Amino acid sequence: MYNFNYVRPASLADAAKAAAGADAKVLAGGQTLLPTMKQRLAQPSDLVDLGGIAELKGIKMDGNNLVIGAMTTHAEVAKSSVVKGAIPALAVLADGIGDPQVRNRGTIGGSISNNDPAADYPAGLVGLGATVVTNKRKIAADDFFKGMFETALGAGEIVTAVSFPKPDKAAYAKFPQPASRFALVGVFVSKSGNSARVAVTGAGPKVFRQADMEKALAASFSADALKSVKQSAGGLNSDIHGSAEYRAHLVGVMARRAVAAAG
Ligand SMILES: Cc1cc2nc3c(=O)[nH]c(=O)nc-3n(C[C@H](O)[C@H](O)[C@H](O)COP(=O)(O)OP(=O)(O)OC[C@H]3O[C@@H](n4cnc5c(N)ncnc54)[C@H](O)[C@@H]3O)c2cc1C
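A brief structural summary. Each chain has its residues counted from 1, following the order in which its sequence is written. Side-chain atom pairs in this predicted model are given and counted only at pLDDT of 80 or more, local residue features only at pLDDT of at least 70, and totals for whole chains, interfaces and linings cover all residues. To obtain the side-chain values, all non-hydrogen atoms of the structure were used and water was disregarded.

## Thoughts on the overall build of the protein chain
In this description a helix means any DSSP run of H or I spanning at least four residues, a strand means any run of E spanning at least two, and both kinds are numbered starting from the N terminus. Along the backbone of the protein chain there are 11 helices and 14 strands. Along the first, second and third principal axes, the C-alpha atoms of the protein chain reach 55 × 45 × 30 Å. Think of it in three bands: with a 1.4 Å probe and only protein chains considered, a residue is buried below 20% of the maximum accessible area for its type, exposed above 50%, and partly exposed in between. In the protein chain, which comprises 263 residues, the share counted as buried stands at 50%. Neither His nor the chain ends is counted toward charge; the positive residues are Lys and Arg and the negative residues Asp and Glu. Just so you know, the charge point we use is NZ for Lys, CZ for Arg, CG for Asp and CD for Glu. Across the protein chain, the centroid of the 29 positively charged side chains sits 4 Å from that of the 21 negatively charged ones.

Set out below in structure tokens:
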């Protein structure tokens, strides 16, 4: 029934070669890909396991940037003293993903490549103005998340790391869907110099920046500054978990909570 070739290369170069096949797929934590295969929604010809490639793992500072390897798990990010020292909001975000099993298997590279509209990391990347590094190029987070489950990655392109510039302040607030812990709405805010970023996940078909809130926070980085800024329900998701209007309301609440938490 499961008819595919499994390979576990030891280098990025070998993984790139193996992933170049038309129906090949790379395997990271398998938290999304394996259930998708079990349901026959994906039937790759080749499964290229990235788990044996040392250069894809790890967390380090590169000047003022925090660099997290694609195969770094959510649990490793959550407990990392390097992350907590540079951008504690990212450790909080990672610690709030799913459950212990998901956090110990799921990876940052898998999460952003999958680009679930309710995933947490897309808000962190866009909210911090991060850069996605692949085996071929560098992509600004603002250009990476293209649509629901769609990214700027080309066929066979592999995410190797994500580079986050260290902000002055940042925080993430999420209203979780109680069963999965995915974000019904999650808002990541950051302040760097005189500018602010506000990135919203869960509310729409993909992560988006809230320009009116960014303007208000650039003038005054305080929860009060957001009180008069309203999120429109137009274009937001509406499903059994919550209407578009409810999600729009939550965007305001989560944004104010995030700014208050950022201090
Ligand atoms: C019960 C449950 C609860 C969850 N709750 C949350 C939650 O609260 N918040 C949240 O954000 N997420 C949540 N997730 C998602 C989870 O955290 C993982 O991030 C997600 O499953 C994908 O990561 P992975 O490493 O398992 O990737 P995989 O499942 O291995 O791969 C996912 C996709 O990405 C591709 N891919 C993987 N790595 C790379 C790479 N380096 N370069 C290019 N393409 C790549 C694969 O080919 C595949 O198409 C949940 C998942 C489950 C099962």
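## A word on the nonpolar core
Buried Ala, Val, Leu, Ile, Met, Phe, Trp, Tyr and Cys residues that are joined via side-chain atoms within 4.5 Å together make up what is termed a nonpolar core. Grouped together as the largest cluster of nonpolar side chains are 37 residues, with contacts concentrated most on Leu90, Ile112, Tyr121, Leu125 and Phe164. Every residue pair with non-hydrogen atoms within 4.5 Å of one another is taken to be in contact. Among all residues touching Leu90, those that are not within four sequence positions of it are Leu66, Ile68, Val77, Val83, Tyr121, Gly124, Leu128 and Phe164.

## Things to note about the side chain of Asp120
Residue position: Asp120 is located in the loop between helix 7 (108-114) and helix 8 (121-128). Think of a polar contact as two N or O atoms within 3.5 Å of one another; within protein, one of them needs to be a possible hydrogen donor and the other a possible acceptor, and neighboring residues in sequence only count if both atoms come from side chains. A distance of 2.9 Å separates a polar atom in the side chain of Asp120 from a polar atom in the side chain of Lys174. When near neighbours in sequence (up to four residues on either side) are disregarded, Asp120 contacts Leu93, Gly96, Ile97, Tyr172, Lys174, Ala183 and Thr201.

## What to know about the pairing of strand 2 (residues 24-27)
Two strands pair under a simple rule: DSSP has to find at least two bridges between them. Taken together, the 4 bridges between strand 2 and strand 3 (residues 46-49) define a ladder with parallel strand orientation. Across the sheet, residue Ala24 finds its bridge partner in strand 3, namely Asp46. Place the viewer so that the strands point away; then a crossover is right-handed whenever the path from the first strand over the helix to the second strand goes clockwise. Crossover strand 2 to strand 3 through helix 2 (residues 33-38) is right-handed.

## Considering the site of the ligand
Every one of the 32 residues lining the ligand counts as a neighbour, but Val26, Thr32, Thr107, Asp120 and Arg181 are closest to it. A distance of 2.5 Å separates an oxygen atom of the ligand from a polar atom in the side chain of Thr32. Gly98 places a main-chain nitrogen or oxygen 3.0 Å from an oxygen atom of the ligand. Per-residue and other accessible areas follow the Shrake-Rupley method at a 1.4 Å probe size, with only the shown protein chains counted as cover for residues. Within the complex, 89% of the 970 Å² of free accessible area of the ligand lies under protein. For the shell around the ligand, the elements supplying multiple residues, two or more each, are strand 2 and helix 7. For the shell around the ligand, the element with the highest residue contribution is helix 7, accounting for 5 residues. Side-chain classes are defined by residue name, with Ala, Val, Leu, Ile, Met, Phe, Trp, Tyr, Cys and Pro counting as nonpolar, Asp, Glu, Lys and Arg as charged, and the others, Gly among them, as polar. Taken together, the residues of the shell around the ligand break down into 13 nonpolar, 14 polar and 5 charged. When we say a residue is near a molecule or strand, we mean one of its heavy atoms is within 4 Å of it.

## A closer look at the sheet that holds strand 5 (residues 65-69)
Pairing is antiparallel across the open sheet formed by 5 strands, whose spatial order is 4-5-10-6-7. Of all the strands in the sheet, just strand 4 (59-62) and strand 7 (138-140) have a single pairing partner and so form its edges. Neighbour-to-neighbour, the strand axes of this sheet turn through a mean angle of 25°, independent of strand direction. In this sheet, strand 10 (residues 159-165) lies alongside strand 5 in antiparallel orientation, the contact comprising 5 bridges. Paired with Val67 across the bridge in strand 10 is Ser163. Each axis is a line fitted through C-alpha atoms, and for a helix only the stretch in contact is used; angles between axes span 0 to 180 degrees, taken between their N-to-C directions. On top of the sheet, helix 8 reaches strand 6 (131-134) and strand 10; it is set at about 50° to strand 10, its chief contact.

## Considering the sheet that holds strand 2
Strand order in this open sheet of 3 strands is 1-3-2, and the pairing throughout is parallel. With one partner strand each, in any of the chains shown, strand 1 (5-7) and strand 2 form the two edges of the open sheet. Adjacent strand axes in the sheet meet at a mean angle of 20° when their direction is disregarded.

## Focus: the pattern of salt bridges
Think of a salt bridge as a Lys or Arg side-chain nitrogen and an Asp or Glu carboxyl oxygen that are within 4 Å of each other. Summed over the entire model, instances satisfying the criterion amount to 9 salt bridges. Where Arg137 meets Glu157, a salt bridge forms, and the shortest distance between an N and an O atom there is 2.8 Å. Remark: Glu157 occurs in the loop between strand 9 (150-151) and strand 10 and Arg137 occurs in the loop between strand 6 and strand 7; sequence separation between them is 20 residues. Overall, Glu157 belongs to the buried group, its relative accessible area being 9%. Across the salt bridge formed by Arg209 and Glu214, the nearest N and O atoms sit 2.9 Å from each other. Residue class for Glu214 comes out buried when judged on its relative accessible area of 9%. Connected via shared salt-bridge partners are Asp142, Arg197, Arg209 and Glu214.

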